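What follows is each chain in one-letter form.
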Amino acid sequence: MALFSQTSQQCFQALLWKCHMFWPASRCCQLFAASFSIPKREKINYFSFMTSSSTVSPVDPKETGVLPTKKRPEIDCEEEKGWDEETKEIAEGKPQFSSVGGAKKWSMSQIPSRNKFTNIEPPEKPLQAEEWNRLRENFQSPEIFEEVMLNSMIRCNSPIGVAKSLLTHVAKCNGDIAYRTLVKYLRLCVQQGQVSEICDVYDIMKGRFKILEGGAYSLFIKGLSNSDQWRMGLTLLEEAKKMMAVSRTSYESCIKAASRHQEMRLAFELYHEMLAKDVVPTLDVLQSFFDFSRGMKSAELQNELFGILLYLRENQIYPHKTFMRSIKQWFESIPGGNWRGHLTTIKDR
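Residues numbered from 1 in each chain as written. Predicted model: local features only at pLDDT ≥ 70, side-chain atom pairs only at ≥ 80, totals over all residues. Heavy atoms only, no water.

A.B. asks: Can you explain the overall build of the chain? Please cite residues and give values.
C.D. replies: From N to C terminus, the chain includes 17 helices and zero strands. If you take every contact in the chain between residues at least 6 apart in sequence, the share linking residues at least 24 apart comes to 62%. Total accessible area computed for the chain in this model is approximately 23,400 Å², and 54% of it derives from carbon and sulfur atoms. (Helix = DSSP H or I, 4+ residues; strand = E, 2+ residues; numbered from the N terminus. Contact = heavy atoms within 4.5 Å. Areas by Shrake-Rupley, 256 points an atom, 1.4 Å probe, with all protein chains shown as cover.)

A.B. asks: Residue-level account of the pattern of salt bridges, with values.
C.D. replies: In total, this model carries 14 salt bridges according to the counting rule given. Here Asp 176 ties to Arg 208 by a salt bridge, and the two come within 2.7 Å at their closest N and O atoms. Taken together, the residues span a long stretch of sequence, with Asp 176 in the loop between α8 (160-174) and α9 (179-192) and Arg 208 in helix α10 (residues 195-208) at a distance of 32 residues. The partly exposed category is assigned to Asp 176, whose relative accessible area is 37%. Linking Glu 332 and Lys 328 is a salt bridge whose minimum nitrogen-to-oxygen distance equals 3.1 Å. Placement of both Glu 332 and Lys 328 in helix α17 (residues 321-333) is noted, with a separation of four residues, approximately one turn of the helix. Since its relative accessible area comes to 28%, Lys 328 is described here as partly exposed. (Salt bridge = Lys/Arg side-chain N within 4 Å of Asp/Glu carboxyl O. Buried < 20%, exposed > 50% of the residue type's maximum accessible area, 1.4 Å probe, protein only.)

A.B. asks: Which residues make up the UniProt feature "repeat: PPR" (unreviewed entry) in the chain, and what are the values?
C.D. replies: UniProt annotation of "repeat: PPR" (unreviewed entry) refers to residues 247-281 when read in the numbering used here. End-to-end, the C-alpha atoms of residues 247-281 are 11 Å apart, and along that stretch the chain is 74% helix and 0% strand. (UniProt positions renumbered as here; feature names shortened; annotations may be inferred.)

A.B. asks: I'd like a description of the nonpolar core, backed by residues and values.
C.D. replies: As a rule of thumb, soluble globular proteins bury nonpolar side chains together. By size, the foremost hydrophobic cluster in this structure holds 70 residues, and its most contacted members are Met 153, Phe 220 and Phe 289. Once residues within four sequence positions are removed from consideration, Phe 220 is found in contact with Leu 186, Ile 198, Val 201, Tyr 202, Met 205, Leu 212 and Leu 236. (Core = buried A, V, L, I, M, F, W, Y, C linked by side-chain atoms within 4.5 Å.)

A.B. asks: Can you lay out the layout of surface pockets for me, pointing to particular residues and giving the numbers?
C.D. replies: In this structure, the largest pocket occupies an estimated 640 Å³ of space. What lines the largest pocket is a set of 19 residues, among which Tyr 318, Pro 319, His 320, Met 324 and Ile 327 lie closest to the centre. At the level of secondary structure, the elements contributing two or more residues to the lining of the largest pocket comprise α16 (299-314) and α17. The greatest single-element share of the lining of the largest pocket, amounting to five residues, is contributed by α17. The residue inventory of the lining of the largest pocket, partitioned by class, reads 11 nonpolar, four polar and four charged. (1 Å grid on protein atoms, 1.4 Å probe; cavity = no way out; pocket = protein on both sides within 12 Å on 5 of 7 lines; lining within 4 Å. Points joined across faces, edges and corners; volume = space filled by probe spheres on them. Nonpolar A, V, L, I, M, F, W, Y, C, P; charged D, E, K, R; others polar.)

A.B. asks: If you had to explain unusual backbone geometry to someone new, which residues and values would you point to?
C.D. replies: The backbone of Gln 316 shows a phi angle near 50 degrees, a positive value even though the residue is not glycine. Its place among the elements puts Gln 316 in the loop between α16 and α17. The residue Asn 338 is not glycine, and still its phi comes out positive at about 55 degrees.

A.B. asks: How would you summarise the confidence of the model for the chain if you had to cite specific residues and measurements?
C.D. replies: Per-residue confidence for the chain gives a mean pLDDT of 76; residues scoring 70 or more make up 66%. In this model, residues 11-59 is a region of pLDDT below 50 whose contacts with residues beyond four sequence positions or in other chains number 38 contacts. (pLDDT = per-residue confidence, 0-100.)

Shown next, in the form of structure tokens:
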């Protein structure tokens, strides 16, 4: 401390006195000694440096239908630090558990994991209440029996009747069915395209719960979009947008449904709405635009599809073989275009 003036030493002692109200003196000395030491070299974010050199100029989607280049998030290469044994310093952002927190963490670890029950086989036919009771009593963790059993039914794609018998048993025993249980049953219904059951579950959940979370809306929209009730999926999309940020899956389910029914203007309206909300579409939904636009003669539609091709080119995104064939077939189907596509091999030279 001889390197500093008398005034600096007085300030330093005053700060030490204030900190001593909260920390031991030895801890304060360590902290302030570290603050007057040579700073560490700043680490270079190599990922940020690499990505910043290949920025693509933005394109207005309203004029060309091109997807705007999405800025890649910077990746922090700093390794997470824990407790330093030499300085006893707690790294910033590293949570530390007190004795109470440690006990809570230990108690949470005692909850049985659902992952270890992946080998459970569901029954092949609907069961009566007595049979479900017997299975539940013999189960290793009865408190999660229904959840594990429904997960197993989803994995094995069990008949809907088997799952309904389980829900009937739960409703009789508990007088109610939990939200989580209904969502798992909904997932099985969507997986099998059980439209009437999907509608019934929606009526039940809307009647019992004031607000549905995003995962439930995504399942409802996906299940309805793949049926003749696809316009109801659009209604649920509008309903969800009033309460939350709609997922990419929900948007793409509605876009595919509209494209499948030749409602291309509606499909592209939803597509541009995605872009405006910085929701980046997958190649799967981009391919659907070309699949369902074959043989359609429309200058507006062609401009939209050329906008997608420009986006692929500007961002150096290479379509997979299935997507490439869809593009080829769309070009060849343009009325009066006389396009012909063929495969070629790009050589290294």
